Amino acid sequence: MIGTVIAVQANFYQVRLDSQVTLLCTRPTRLKKIGQSVLVGDRVIIKSSEFERGAIAKVLPRITELERPPIANAEQILLVFALEEPTLDPVQLSRFLVKAESTNLRLILGLNKVDLITIDEKEQWSIKLKNWGYNPYFFSVNTQEGIESLKKTIQNKITILAGPSGVGKSSLASILIPELDIRIGAVSGKLQKGRHTTRHVELFELLEGGFIADSPGFNQPNFDFLPELLINYFPEAKEKLAKNNCKFHNCIHRDEPDCVVKGEWERYEYYLRFLEETIVNNQKIAQTKNQESTQKTKFKSDGTKYTEPKLESKKYRRVSRKVSNQELENLSFNVFDEDE
Ligand SMILES: Nc1nc2c(ncn2[C@@H]2O[C@H](COP(=O)(O)OP(=O)(O)O)[C@@H](O)[C@H]2O)c(=O)[nH]1
Ligand SMILES: [Mg+2]
Ligand SMILES: [Zn+2]
């Protein structure tokens, strides 16, 4: 039997079989031993089920893999914003677009609450976004306008739903996912709490086939990639770079001479602003790493913490889970939770 892992709870995996049955599965120690991870989104082969339990026999090769949130085989991000209520802010929108572009997944931009703007306003946004390199879906959950074409783009794929609070993500999810109320109501206690943690991912099956991934992630997107990558996350600038090269191969398109990116395009000032932020962020990450490698946290007998220098410093150690989790708290978003 083949299925898709839709949720991970402690050592159990909820697998949605292609036969439309959901099965609770375990991961045999054999898979653990060979270092085979099982992620939400993984396509898995399941061994015979007894007592409505199965065992994951094999994880099929992944098409894509994302670290934050940890998800396999997600093909695209559906970034939802509202055109009004709250007012669409170009800088905030760009921030989310850049963060989403940095995953290198296909990006679909959906603009909800089209019922609240005039045809002229819609046309203006359309032109503006075209200049940025986007062709958004305008829709309204309230009037159902544009919902059908949106459905077609997410059919039979795993799509990560993202966007800030109040734009209508939960409203959209409730019309796309029939089982949503049941599933959200079904998780209780410790698991309910777990739903709010930033590393939690869960898949919800769409009526028309495919899945929506609900995960913490982009509410206040921070830029944790290298500064020199930022330009690739502006499609309109990337286009310039595809045609011409800057004089310096490591150009960050700020003060360098003979730069083909610098100049008259609407979002160049956003680029410069985000570039500063990215540089500062990278410095912070480097600092944290450095501190971690030279300082060791110890506990006194009364339980209070203190640090002392480490004897040998491991300069190239990876950021500890604790630190990366702290970073993640800043990106928290939870699509389907009512109490964001
Ligand atoms: N006018 C209008 N309001 C909407 C539409 N979709 C959602 N809303 C409202 O926007 C508010 C926030 O919606 P919600 O789904 O909770 O947003 P979320 O925070 O992104 O999950 C709610 O009051 C919804 O009723 C729409 O298409 N038009
Ligand atoms: Mg919500
Ligand atoms: Zn340049």
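In this text, all values refer to a predicted model and were calculated from it rather than measured experimentally.

Basis of the calculations
- Residues numbered from 1 in each chain as written.
- Chains lettered and ligands numbered in written order.
- Predicted model: local features only at pLDDT ≥ 70, side-chain atom pairs only at ≥ 80, totals over all residues.
- Heavy atoms only, no water.
- Near = heavy atom within 4 Å.
- Areas by Shrake-Rupley, 256 points an atom, 1.4 Å probe, with all protein chains shown as cover.
- Helix = DSSP H or I, 4+ residues; strand = E, 2+ residues; numbered from the N terminus.
- Nonpolar A, V, L, I, M, F, W, Y, C, P; charged D, E, K, R; others polar.
- Axes fitted to C-alpha atoms, helices over the stretch in contact; angles between N-to-C directions.
- Parallel < 35°, antiparallel > 145°, perpendicular 65-115°, else oblique.
- Left-handed = near helix turned anticlockwise from the far one by under 90°.
- Contact = heavy atoms within 4.5 Å.
- Buried < 20%, exposed > 50% of the residue type's maximum accessible area, 1.4 Å probe, protein only.
- Arc of directions from axis to C-beta.
- Salt bridge = Lys/Arg side-chain N within 4 Å of Asp/Glu carboxyl O.

S.K.: I'm lost on the site of ligand 1 in this one. Help?
M.R.: What surrounds ligand 1 is a group of 17 residues, the closest being Lys113, Gly166, Lys169, Ser170 and Ser171. Alone, ligand 1 offers 580 Å² of accessible surface; in the complex the protein occludes 73% of this. Residue contributions to the shell around ligand 1 peak at three residues, all from helix H5 (residues 169–176). Partitioned by chemical class, the residues of the shell around ligand 1 number five nonpolar, eight polar and four charged.

S.K.: I would appreciate a short explanation of the packing of helix H2 (residues 90–101) against helix H3 (residues 119–132) in the present structure.
M.R.: When two helices pack together, their arrangement is given by the angle between their axes and by how far apart the axes lie. Following both chains from N to C, one finds H2 and H3 inclined at 40 degrees, their axes separated by 13 Å at the closest point. Here H2 is positioned oblique relative to H3, judged by the angle of their axes. The way H2 lies across H3 gives a crossing that is right-handed. For the pair H2 and H3, contact is made by Pro90, Leu93, Ser94 and Leu97 and by Trp125, Lys128, Leu129 and Trp132, respectively. Tallied by class, the residues present in the contact of H2 with H3 amount to six nonpolar, one polar and one charged.

S.K.: Could you clarify how one ought to interpret H5 in this entry?
M.R.: Side chains that are three or four residues apart share a direction in an α-helix, a result of its 3.6 residues per turn. Those residues of H5 that fall on the buried side of the exposure criterion are Lys169, Leu172, Ala173 and Leu176. Across the axial projection of H5, the buried residues extend over an arc of 100 degrees, all falling on one side.

S.K.: Got a minute to help me understand the pattern of salt bridges in this structure?
M.R.: Pairing is possible between side chains of opposite charge, provided their charged atoms come close. Taken as a whole and assessed by the stated rule, the structure comprises 14 salt bridges. For Arg95, the salt bridge is made with Glu277, and the minimal N-O distance between the two is 2.9 Å. Placement of the pair is Arg95 in helix H2 and Glu277 in helix H9 (residues 268–294), with a sequence separation of 182 residues. A salt bridge links Glu236 to Arg267; the nearest nitrogen and oxygen atoms lie 2.7 Å apart. Of this pair, Glu236 sits in helix H8 (residues 235–243) while Arg267 is found in the loop between H8 and H9, placing the two residues 31 residues apart along the sequence. Across this residue pair, the class does not change: Glu236 and Arg267 are buried.

Bear in mind that shape data such as this cannot, by itself, settle questions of function.
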